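# Structural features, examined
Take a look at the letters that make up each chain.
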Amino acid sequence: MLTLDHVHFYYDKAQTIIDDLSLTINDGEFVAVIGGNGCGKSTLARLMNGLLQTRKGRVKLDHLDTANVKDVAEIHRQIGLVFQNPDDQFITTTVMDEVLFGLENIRVSRDEMTIRLDDALRAVQMEDYTDAMPHELSGGQKQRVAIAAILAMRPRIMIFDEATSMLDPQGREQLLSIMYELHRQGMTIIHITHHLEEVLTADRLLLLHEGRLEFDGHPLTFFNTVCLKDYGMDSPFAVRLHRALQLSLPLMADWKEMITSQWSTR
Ligand SMILES: Nc1ncnc2c1ncn2[C@@H]1O[C@H](COP(=O)(O)OP(=O)(O)OP(=O)(O)O)[C@@H](O)[C@H]1O
Ligand SMILES: [Mg+2]
């Protein structure tokens, strides 16, 4: 369980970024996080995995506390963070080295390394690219290698900070399906995005606004109750379609399924 308790954060004292925010993320949840540009989403992600320290309040992963220096390395291992730009994430020269790099720091045996390398690359469908170099890979492939490097550390939680935003539609699809597969296997997923169609299938949606949580609940409830224009956002296609056609069925994440269900009930 990841707990934020009255978290307060600023870079510059004159500008509060996270304002007295409390929330709990349970094991196995798929949580989407949205909010306008600069509202503090990436800051929140870095507070969650201990890359940043709170100014007030606490962030805890079970008994581990990001304020305890001796806990931070373990928190980093348990909470993986995938960033937006795939080019910023490759630090070694080959796919294999990229995945092994982190493992060398946590003193994993050679045999265990081989197992973890194979498992991690298979999970992101990059097992045929062990010797490939960064310039030989697409943005989506680089992003998948970054994910493999994290998976090899056997984390409990993965935070994707706009990890889909620089990818082409195919790369985005692949990355989303990996996220859903990891979730199906029991991993807690935190997906920060500005693509609202990606949040419809989450278990829970958080809306961050001016450093505070403005909404915390089911995505379908969010689209039925919150005025998106107030936050400078537009409804995803499934929501607009549901409204335009005044469907009698509840709003569904998959608009094709929604249409089929409506038609088949007649
Ligand atoms: N290292 C930093 N030093 C000072 N100010 C920062 C730093 N990083 C971010 N900020 C400021 O903090 C605020 C929140 O930034 P943050 O990156 O967390 O927002 P975000 O919601 O992730 O934005 P985006 O949608 O653009 O990714 C912004 O006003 C930003 O300019
Ligand atoms: Mg950001």
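Residues numbered from 1 in each chain as written. Chains lettered and ligands numbered in written order. Predicted model: local features only at pLDDT ≥ 70, side-chain atom pairs only at ≥ 80, totals over all residues. Heavy atoms only, no water.

Let us now look at a nonpolar patch on the surface. On the surface, Phe237, Leu245, Trp255 and Ile259 cluster together into a nonpolar patch covering about 350 Å² of accessible area. The residue Phe237 is located in helix 8 (residues 237-244) in this model. On the accessibility criterion, Phe237 (39% relative accessible area) is partly exposed. (Patch = residues over 30% accessible without salt bridge, like charges linked within 9 Å, V, L, I, M, F, W, Y side chains within 5 Å. Areas by Shrake-Rupley, 256 points an atom, 1.4 Å probe, with all protein chains shown as cover. Salt bridge = Lys/Arg side-chain N within 4 Å of Asp/Glu carboxyl O. Helix = DSSP H or I, 4+ residues; strand = E, 2+ residues; numbered from the N terminus. Buried < 20%, exposed > 50% of the residue type's maximum accessible area, 1.4 Å probe, protein only.)

Annotation of the protein chain at the domain level lists domain 1 (2-230) and domain 2 (236-266). On the domain 2 side, the residues contacting the seven residues of domain 1 number six residues. Regarding the contact of domain 1 and domain 2, the summed buried area is about 600 Å², with carbon and sulfur atoms giving 75% of it. The tally of links from domain 1 across to domain 2 stands at zero salt bridges. Run the count over domain 1 and domain 2 and you get zero residue pairs in polar contact (both at pLDDT 80 or more). A class-by-class count of the residues in the side of domain 1 that touches domain 2 yields four nonpolar, two polar and one charged. (Domains from an automatic or database assignment. Contact = heavy atoms within 4.5 Å. Buried area = accessible area lost by both parts, 1.4 Å probe. Polar contact = N/O pair within 3.5 Å; in protein donor to acceptor, adjacent residues only side chain to side chain. Nonpolar A, V, L, I, M, F, W, Y, C, P; charged D, E, K, R; others polar.)

A word on the layout of surface pockets. Where empty space is left becomes clear once a probe the size of a water molecule has been rolled over the atoms. Considered as a void within the structure, the largest pocket measures approximately 720 Å³ in volume. Taken together, 23 residues make up the lining of the largest pocket; nearest its centre are Leu81, Ile91, Ala149, Ile150 and Met153. If you list the elements that add at least two residues to the lining of the largest pocket, you get helix 2 (69-78), strand 6 (79-82), helix 3 (95-105) and helix 5 (139-151). For the lining of the largest pocket, the element with the highest residue contribution is helix 3, accounting for five residues. Residue composition of the lining of the largest pocket, grouped by class: 13 nonpolar, six polar and four charged. Of the voids in this model, the second largest pocket is the one considered here, and its volume is about 370 Å³. The set of elements that each furnish at least two residues to the lining of the second largest pocket consists of helix 6 (169-184) and helix 8. The element that contributes the greatest number of residues to the lining of the second largest pocket is helix 6, accounting for five residues. Here the residues of the lining of the second largest pocket sort into eight nonpolar, one polar and five charged. Per-domain counts for the lining of the second largest pocket show at least three residues from each of domain 1 (2-230) and domain 2 (236-266). (1 Å grid on protein atoms, 1.4 Å probe; cavity = no way out; pocket = protein on both sides within 12 Å on 5 of 7 lines; lining within 4 Å. Points joined across faces, edges and corners; volume = space filled by probe spheres on them.)

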